[in-house]
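So you can see what is in the structure, the chains are spelled out below.
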Amino acid sequence: MSDATLRDYQRRVLDDLDKWFGTSKLKHPCIVLPTGSGKSHIIASFCKEAIQSWPSTKILMLTHVKELIEQNAARMREHWPDAPMGIYSSGMGLRQLGQSITFAGIQSVRKRGNEIGHVDLIIIDECHLVGHKTEGGYRTLIDVLTAINPNLRVIGLTATPYRLGHGVITDKPAIFDELLMSVDIPELIHKKFLATLKSKKTKAELDVSSVHKRGGEFIESELQFAVDTDLQNSRVVTEVLEMAGDRRSWLFFCSGVEHSRHIADELNRRGIVAEVVTGETPKKDRARILEDFRSGKIRALTNANVLTTGFDHPDLDLIAMLRPTMSAVLYIQMAGRGMRPKLHTDHCLVLDFAGNVARHGPITNVAPPERVSEGGGVPPVKVCPECQEFVHPSTKICPSCEYVFPEKEKPKLKLRNDDIMGLDGTDMAIESWLWCAHTGKQSGKDMLMVRYYGRGISDPIVSEYLCIAHDGYAGEIARKLLMKIYWDSMRVPYYEHEVGDDMEKNSVFLNKLKPPKKIIFNRDGKFFRVTERSWA
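Fair warning: this is a prediction, and the values are worked out from it, not measured in the lab.

Asks: Please clarify how helix α2 (residues 39-53) should be interpreted in this entry.
Replies: The α-helix advances 3.6 residues per turn, and as a result positions three or four apart in sequence lie on the same side. Its 15 residues give α2 an end-to-end C-alpha distance of 21 Å, which sits within 8% of 21 Å, the value for a rise of 1.5 Å per residue. Burial runs high along α2: 12 of the 15 residues are buried. Within α2 the residues assigned to the buried category are Lys39, Ser40, His41, Ile42, Ile43, Ala44, Ser45, Phe46, Cys47, Lys48, Ala50 and Ile51. Where α2 is buried, its residues meet α1 (8-23), β2 (59-63), α3 (66-79), β5 (101-105), β6 (121-125) and β7 (153-158).

Asks: What should I look at first to understand the packing of α1 against α2 in this one?
Replies: In a pair of packed helices, the angle between the axes and the distance between the axes together describe the arrangement. Where α1 contacts α2, the axes come no closer than 10 Å and their chain directions differ by 50 degrees. Taken together, the axes of α1 and α2 are oblique relative to one another. In this structure, α1 crosses over α2, and the sense of that crossing is right-handed. Along its contact with α1, which presents Gln10, Arg11, Val13, Leu14 and Leu17, the element α2 presents His41, Ile42, Ser45, Phe46 and Glu49. The residue inventory of the contact of α1 with α2, partitioned by class, reads 5 nonpolar, 3 polar and 2 charged.

Asks: What am I meant to see in unusual backbone geometry here?
Replies: Among all residues except glycine, the phi angle is most often negative; among peptide bonds, the trans geometry is most common. Although it is not a glycine, Glu126 sits at a positive phi angle of roughly 60 degrees. By secondary structure assignment, the location of Glu126 is in the loop between β6 and α6 (137-148). When its relative accessible area of 9% is taken as the criterion, Glu126 is described as buried. At Asn305, a position not held by glycine, the phi torsion is positive, near 65 degrees. With respect to the element layout, Asn305 can be found in the loop between β16 (300-303) and β17 (318-321).

Criteria and cut-off values
- Residues numbered from 1 in each chain as written.
- Predicted model: local features only at pLDDT ≥ 70, side-chain atom pairs only at ≥ 80, totals over all residues.
- Heavy atoms only, no water.
- Helix = DSSP H or I, 4+ residues; strand = E, 2+ residues; numbered from the N terminus.
- Expected span 1.5 Å × (residues − 1).
- Buried < 20%, exposed > 50% of the residue type's maximum accessible area, 1.4 Å probe, protein only.
- Contact = heavy atoms within 4.5 Å.
- Axes fitted to C-alpha atoms, helices over the stretch in contact; angles between N-to-C directions.
- Parallel < 35°, antiparallel > 145°, perpendicular 65-115°, else oblique.
- Left-handed = near helix turned anticlockwise from the far one by under 90°.
- Nonpolar A, V, L, I, M, F, W, Y, C, P; charged D, E, K, R; others polar.

Below you can see the structure in the form of structure tokens.
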């Protein structure tokens, strides 16, 4: 694959990044790319174009595991066989500095900033691992290199732009300034670049009610003790065998090393050829096991915390989640292993014994983790679903829009048939809509709000916000959406009638348009996300 054959959305990512650098006063963007979108090809093409346009540019490409270093370096060679590049990784036995592009492991170079010297661009793969505070390997190295070159830019790439206990990775004092989201999972599925996941309700559920948390995550020793029992393992394997049918390649995410071994033992006892991969597995044994798994000699593979990143097996067609987690990142990494297009089927079955789908939501719309305050607790706020203002948790009527908060109901203890993809949405026939100006009390930013009113008496009022006056990528996306809405309603371009950034005038103008006949929306936590508007 050469840069001349980049997929359309990969080219769009690079164009959006170039536009962002040309228009934004900020320095450090984070590119959000779904698992399976081809990050390494995008990185390679970006590096090639940067070096060929500005030959003196020095780029440091950082990540945290050897497999990703190897993958990113290999893609660089595909795009540019003669690339002036080196690799610095103790795990690979290479210590090459001084080239225009250096692919490095953070563990190997975190204390070598002065030896590395002047760098113009740092690119960080899996950048959700960069800490919010000015501590840790990444931040320490960045601080040293920034002292050498104050104009240093940092570009992050991740499928999961949040960090357990810290919230979204652009929340200050995080280093990243803005999220750039040029492509999403629904587009990649529609274009056949990703396969869908299908989830089914499981009879067996792993009970973690007695497991304590440390740093926001379940304590692993307690987690294994709670879920790794002979009876539970037997029930889980029995149910997998009932649901698997003729599926060929099964991957189990377990709660620990012993749990992985016990599940593999139970599978082998039932006649399913299974092996285990853990952090303790020798390198040669691991390579042999993974090759046998890919070739079909092994039907089931169990693992504990090792096959979430840097492992690709497109024909994987069953994932069993036996690892309850509070980490949305880990949840998406586990599910993402099954989204590569397959030769023999159009989807991967996910059996979520761990309750992760119910805990985090569908992978197309994961609820970011809450940010923990300095005092160790969650900030005492809630969000109004009508106007998106932050209010105190005890507030019953929103002071901004007078929305009446409903009384909380106790959750019902029953199994759910969760939709891991979250792509179906809810149809609602539209009677009318209302555009108005909205200014956030907290942010002070002006935006447009439209409320869709359904024809049914029980239909919800669906609110949508368009921040067309904002700078940067978010404003650009909002303006593009507004132009599309206008075109679909009137069949003439919006810019011919544009009235500027006065939200009140915009609202008067937009209220003259005819509303759509139907919308399709999803719940986005407490809010709504409109995915389709139809005037047909």
